[in-house]
Amino acid sequence: MKKKYLGIVLPLTFITTQPTLASSSYSASSILKYTLTVSNQNSSSNELGNLIINSHSYITPQTESTSSHASISEQPVSLIDLNIPHTISFNAQDSINSGSNISEYYHNLDLSFENRASDTNDIFDISIDYQYTLSVKANGQAANITLSSDIYDPNENWSNGISVSVQNDISPNFENSNFSDTISFTLAAGETQTWYFESFSEANLEMTNVPLPAAFWLFGTAVLGLISRQSTKKTLQ
Amino acid sequence: MNLSKLLLGFGLVASQITLAHGPIPVPLQKVPIPPVPGLLDGPDPIVINKDMAIALGKALFWDVNVGSDGMACASCHFHAGADNRVTNQINPGTLIPEPDNQFDTLNSGSGGPNHTLTSADFPLTEFNNPLDKSSGMIRTTDDAIASSGTFSGEFKGASRFSGTNDNCNRNADPIFNVHGVGTRRVEPRNAPTVINAVFNHRNFWDGRANNIFNGSNSWGDRDPNAGVWVQIGRRSVTKQPLHLENSALASQAVATALSELEMTCSKRSIADIGRKLLSRKPLQYQKVHPEDSVFGPLNLTNSSTNNLKPGLNTTYGRMIRSAFSRKYWGYRRRGPFGSPEAGGIPYNQMEANFPMFFGLALQLYESTLVSDQAPIDTALRDPVTYKPTSLTDSEKRGMGVFIESHCNICHSGPLLTSAAIVTNSTLVTPIPGKVYGPDHSLRSYGPDAMGKSPIDAAKDAGITEFPNVVTRDITRNPQGQKLMDVGFFNTGVGDPNNDPGLGGTDDFGNPLSLSYQYIQYLIGNYSEVKDKMVMNTHSCQFITPIAWNLGFDFNFPAFFTLSTEREPDGSREGSSEITKRSQNCQDPAYAWIPTVDAAIAAFNNPDDSRLAIADKAAFKVPTLRNIELTGPYMHNGSMATLEQVIEFYARGGNFDNGNQHDFLTRTPMSDDPQKRADLLAFLKTLTDDRVRFEQAPFDHPELIVPNGHIGDAFFVEPGHALDSDLAKETTITIPAVGASGISPAIEPFDSNL
């Protein structure tokens, strides 16, 4: 009886002490704060009503599997509220227990400006003060994440940007960074311009089941054999 | 005067074989690397951080994760830039047009897969009297001594994070096996050293690594679909052709990585290699010395003095972002770049451009592997003749034997190879203030750069201010004139039917030979001139002319001499080109080419040999630098020692054939053992001790190299971890070395036999 008890407990002990199968995961966060400042060069008018500002924010996924997700959150502040900081956050993350995933998301914020004034003297001086705060983290067996935020000018040429990158096995496995700048431009009557703020999170995850040592299976088989023998003995008895 | 020219023409052959002449061996110090416009310079350079690009190249060169089953570039280039392994190094002659794929029994009584070479096996082609070809050949073989590479198999995928081996469907190879148990495949030509290879105008023994790198593969401008993806806007990317000159090493690198004999499983692209590597730490499983001359100064190692650790503290992707202009990787979307053949998410821009990153980074790293501190480089030199004065008497006599035996005509200039076309040409071009050589013996660029004219004229080796890629020279058996690619000669090492060498074709069916393309130029078939530098050939620089203005109409059958048959070279391009092409001539009377009609008539007449070319079984002239350490020798690795090489030349080659260069003949050293001993002493002045002791820039990370299989040539043990049908293998570990090198020194190849 005593031997049989031992035979049951030992494999349970082994199972509970085997390495815990972890997950591979990443998270990425990009926070864009920007403040718009506008003045009209037409000192006689100083009218800003003909300036139309639009923003278009959207996420595009590019992933191998459906395990990952991304979201955006935006403060409900009207764009016409000049000199007030606007904040838009983009987050992406994934965690897998097995297999692999390429998890990529673009967050785009397109800021469009249109001068609808009929008076050609109405020329707007516009500034966008912006700050990017990026943070990334990678954990688990095999994970990396690169988060880049890039600004493209109205001709869609890259004008500035920042990138942070971490990998689970390179210390530290988290990183954050700030970047700020000011875009200044003028908008003549009838003109439109769009500035593009694009964040791109590019993650790679992989999780392979850690093979258990052969000794475990041999030991387990032996123990099962022992249990079986005890059981057989009992039957025979 | 004209009569004397005619007589000279008839006597040309005799003059070449009797007169010691041509450029003398010169130092490599301060000799510039051939320029690559647009790579690091100009308004929009491709590489924006040269040091990081070199580090990337060094990592890629030594990383066993590049191959599908543990083969790095360095796995065949770890010993003085070459390979000194002696087990499982035999190829059965797979380049024969219809190969029997049968291994031969070598002189030791064994051979084939997993054979361990012995000194009795060499030379592979042996004569009763090694100094006399007429004594009769004892044995030869179509087998080649080269480098064992990959098991290969069909690529199915690879982890982006861990493990060295790709997932491939592997089976025992039908050729490379011992009683059905698969062994690693062996390439058909010997691995030449990568040290100083940056100076070669083209690379590989057959020149198929084009001088122009197209960003995709080894074929340069020959591939109209090649190119790189360039981001031209936020949402727009376009494939643009790339045309980087003097980038044969990049062309070479991308071909080797996709060789199913050397490194890779089939159906794997270099973009797939990128997908495998970009997220990984470089040299993930290989120790890196903290004082590595490249990684150390950039703080990229994880190691400390007494604790060597594997890997760099970055990823390949980060290194590329740091080294290359963002327009080559900054586009974020997938879709335009195609998908892996084995399946998976479409490539991104960085993966799609990985062939360019891979090729250029490797080229930049290999451009640092310049050995210019050998005795030949540091010796004091006579200010007039520029001959070295501080070498030993034997070494100095040996240099005389080298010139007397006409070694210097093919092994010319500071690299001791005429394949260094641009470098050789640069040095003989006078530029005020430009000098090269050691500080105590500086030499001005110009016609006397490689020795005092006229006796030591570089021009005798076809080296002039204009870098011609084609020349015309004399062959034997029977003697005659043929067009030749500069830097490529047939010396009769092997049976010319065993390996076509330069006589082979590219992936599109076009001959590799540039001489062939020059004929297309001559017959007016310009669209077939794929390598545009051929269009600029200056015929008056040819060693022997193709068209010749004798001053009177005399039909000299070896040349286009009749006035109706020839036109000034350059007349098809315009008068200014005629002027250009009449500079730096061997003789101004050579500055002619056949008319299109005359060339077509000759081309179509099988009895007319004036457009004959010597491309079959011609091979790139290898550098002789560090030759002491880079055996086995020749394209087929058929000689183990320098003594055997000297005997080969002393007897005038092994296989007489119609494309063999005329200088493959007996010379005074053939019957003079002292001269041969002196020549050997001279050849050893070409060894740079930094190569011998693996000091910077020749230091390296750890490397574990497959070194044959458990067993021998008759039995191997199945059960390799990759597949039970493959043979278990043995390995050698090359330890990580820092900038200060190793002790003791590395040894010549034959010390392993």
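This structure is a prediction, so every number in the text was calculated from the model and none was measured.

A.B. asks: Looking at this structure, I do not really get the overall build of chain B. What am I missing?
C.D. replies: Counting secondary structure elements, chain B contains 18 helices and 24 strands. Along the longest, intermediate and shortest principal axes, the C-alpha atoms of chain B span 75 × 65 × 55 Å. Residues counted as buried form 60% of the 753 residues belonging to chain B. Look at the contacts in chain B between residues 6 or more apart in sequence, and 73% of them connect residues 24 or more apart.

A.B. asks: Please clarify how helix α17 (residues 673–683) of chain B should be interpreted in this entry.
C.D. replies: Because an α-helix packs 3.6 residues into every turn, residues spaced three or four apart end up facing the same way. All names here are of chain B. Taken together, the buried positions of α17 are occupied by Lys-675, Arg-676, Asp-678, Leu-679, Phe-682 and Leu-683. Summarising the axial view, the buried residues of α17 lie within an arc of 160°, below the 170-degree limit, and thus occupy one face. Among the exposed residues of α17, those oriented more than 90 degrees off its buried face are Pro-673 and Gln-674. Contacts from the buried residues of α17 go to α10 (393–404) and α16 (642–650).

A.B. asks: So what exactly am I meant to see when it comes to the environment of B:Asn313 here?
C.D. replies: Within the secondary structure layout, B:Asn313 lies in the loop between β12 (309–310) and α6 (316–323). Measuring from C-alpha to C-alpha, the distance between B:Asn313 and B:Gln520 comes to 53 Å, with 207 residues separating the pair along the chain. Residues contacting B:Asn313, with those up to four places away along its chain left out, are A:Ile170, B:Leu300 and B:Asn302.

A.B. asks: Please explain the sheet that holds strand β6 (residues 124–139) of chain A as it appears in this structure.
C.D. replies: The strands making up a sheet associate through hydrogen bonds between their backbones, and the pairing can be parallel or antiparallel. Residues and elements named next belong to chain A. Strands sit in the order β3-β4-β1-β6-β9 across an open sheet of 5 strands; the sheet is antiparallel. Each edge of the open sheet is held by one strand with a lone partner, namely β3 (69–74) and β9 (174–187). Here the average twist between neighbouring strands, direction ignored, is 15°. Sheet topology places strand β1 (residues 24–40) next to β6; 16 bridges connect them, and they run antiparallel. Counterpart to Tyr-26 in the pairing with β6 is Ala-138.

A.B. asks: Looking at this structure, I do not really get the confidence of the model for chain B. What am I missing?
C.D. replies: Keep in mind that low pLDDT regions are not for reading the predicted coordinates in detail. Residue and element names in this part refer to chain B. On average, residues of chain B score 95 in pLDDT, and 97% of them are at 70 or above. A low-confidence stretch, residues 1–18 (pLDDT under 50), is modelled with 16 contacts involving residues beyond four sequence positions or located in other chains. Complex prediction metrics read pTM 0.93 and ipTM 0.81.

A.B. asks: Is there a simple way to think about unusual backbone geometry in this case?
C.D. replies: With the exception of glycine, most residues fall at negative phi, and the peptide bonds are largely trans. Residue and element names in this part refer to chain B. The residue after Phe-122, namely Pro-123, is reached through a cis peptide bond having omega -10°. When you line up the elements, Pro-123 lands in the loop between β1 (90–91) and β2 (126–129). Between Ser-743 and Pro-744 the backbone carries a cis peptide bond, its omega angle lying at 0°. If you trace the backbone, Pro-744 turns up in the segment after β24 (729–734).

A.B. asks: Explanation requested: the domain arrangement of chain B in the structure shown.
C.D. replies: One frequent convention defines the size of an interface as the accessible area lost when the parts assemble. All names here are of chain B. Domains assigned within chain B are domain 1 (2–9 + 467–604) and domain 2 (10–33 + 372–464 + 617–687). Counting from both sides, the interface comprises 37 residues of domain 1 and, opposite them, 35 residues of domain 2. If you list the elements that add at least two residues to the side of domain 1 that touches domain 2, you get α1 (2–10), β15 (470–475), β16 (480–485) and β17 (488–489). Tallied by class, residues from the side of domain 1 that touches domain 2 come to 14 nonpolar, 17 polar and 6 charged.

A.B. asks: Mind showing me how you'd approach the interface of chain B and chain A here?
C.D. replies: Taken residue by residue, the interface counts 18 residues in chain B and 19 residues in chain A. Of the residues that constitute the side of chain B that touches chain A, the class distribution is 2 nonpolar, 7 polar and 9 charged.

A.B. asks: Help me out: how do you make sense of the sheet that holds strand β7 (residues 142–152) of chain A in this one?
C.D. replies: Residue and element names in this part refer to chain A. Across the sheet, 5 strands lie side by side as β2-β5-β10-β7-β8; this open sheet has antiparallel pairing. Two strands lie at the open edges of the sheet, namely β2 (51–63) and β8 (158–167), each paired on one side alone. The average angle at which neighbouring strand axes cross in this sheet is 10°, direction not considered.

A.B. asks: Sorry, what's going on with the packing of helix α3 (residues 50–62) of chain B against α6(B) here?
C.D. replies: Residue and element names in this part refer to chain B. At their nearest, the axes of α3 and α6 sit 8 Å apart, and the two run at 150° to each other. One element, α3, and the other, α6, form an angle in the roughly antiparallel class. Crossing handedness for the pair α3 and α6: left-handed. Contact residues: Met-52, Ala-53, Ala-55 and Leu-56 in α3; Met-319, Ile-320, Ser-322 and Ala-323 in α6. Residue classes in the contact of α3 with α6 are distributed as 7 nonpolar, 1 polar and no charged.

A.B. asks: What should I look at first to understand the environment of B:Pro718 in this one?
C.D. replies: Residue and element names in this part refer to chain B. Relative to the assigned elements, Pro-718 resides in strand β22 (residues 718–720). We classify Pro-718 as partly exposed; it has 19 C-beta atoms within 10 Å. Between the C-alpha atoms of Pro-718 and Gly-182, which are 536 residues apart in sequence, the distance is 8.0 Å. For Pro-718, the residues in contact, after removing those within four places along its chain, are Val-181, Ser-724, Asp-725 and Ala-727.

A.B. asks: Looking at this structure, how should I read the pairing of strand β4 (residues 86–96) of chain A?
C.D. replies: In summary, the side chains of a regular strand alternate between the two faces of the sheet. All names here are of chain A. One ladder, built from 11 bridges, connects β1 with β4; its direction is antiparallel. From the neighbouring strand, Ser-30 faces β4, where its bridge partner is Phe-90. In terms of strand pairing, β3 meets β4 through 6 bridges, oriented antiparallel. Its bridge partner being in β4, His-69 is matched across the sheet by Gln-93.

A.B. asks: How should the nonpolar core be read in this particular structure?
C.D. replies: Grouped burial of nonpolar side chains is what soluble globular proteins tend to show. If you look at the biggest cluster of nonpolar residues, it comprises 192 residues, and the most contacted ones within it are B:Leu56, B:Phe358, B:Leu360, B:Ala361 and B:Leu362. If you count residues domain by domain, this core takes at least three from each of domain 1 (2–9 + 467–604) and domain 2 (10–33 + 372–464 + 617–687) of chain B. For B:Leu360, the residues in contact, after removing those within four places along its chain, are B:Leu39, B:Ile46, B:Val47, B:Ala53 and B:Ala250. A:Tyr106, A:Leu134, A:Val166 and B:Phe161 belong to the second-largest nonpolar core, a separate cluster that totals 35 residues.

Definitions and limits used
Residues numbered from 1 in each chain as written. Chains lettered and ligands numbered in written order. Predicted model: local features only at pLDDT ≥ 70, side-chain atom pairs only at ≥ 80, totals over all residues. Helix = DSSP H or I, 4+ residues; strand = E, 2+ residues; numbered from the N terminus. Buried ≥ 20, exposed ≤ 12 C-beta atoms within 10 Å, placed from the backbone. Contact = placed C-beta atoms within 7 Å. Arc of directions from axis to C-beta. Pairing = 2+ DSSP bridges. Axes fitted to C-alpha atoms, helices over the stretch in contact; angles between N-to-C directions. pLDDT = per-residue confidence, 0-100. Domains from an automatic or database assignment. Nonpolar A, V, L, I, M, F, W, Y, C, P; charged D, E, K, R; others polar. Parallel < 35°, antiparallel > 145°, perpendicular 65-115°, else oblique. Left-handed = near helix turned anticlockwise from the far one by under 90°. Core = buried A, V, L, I, M, F, W, Y, C linked by C-beta atoms within 7 Å.

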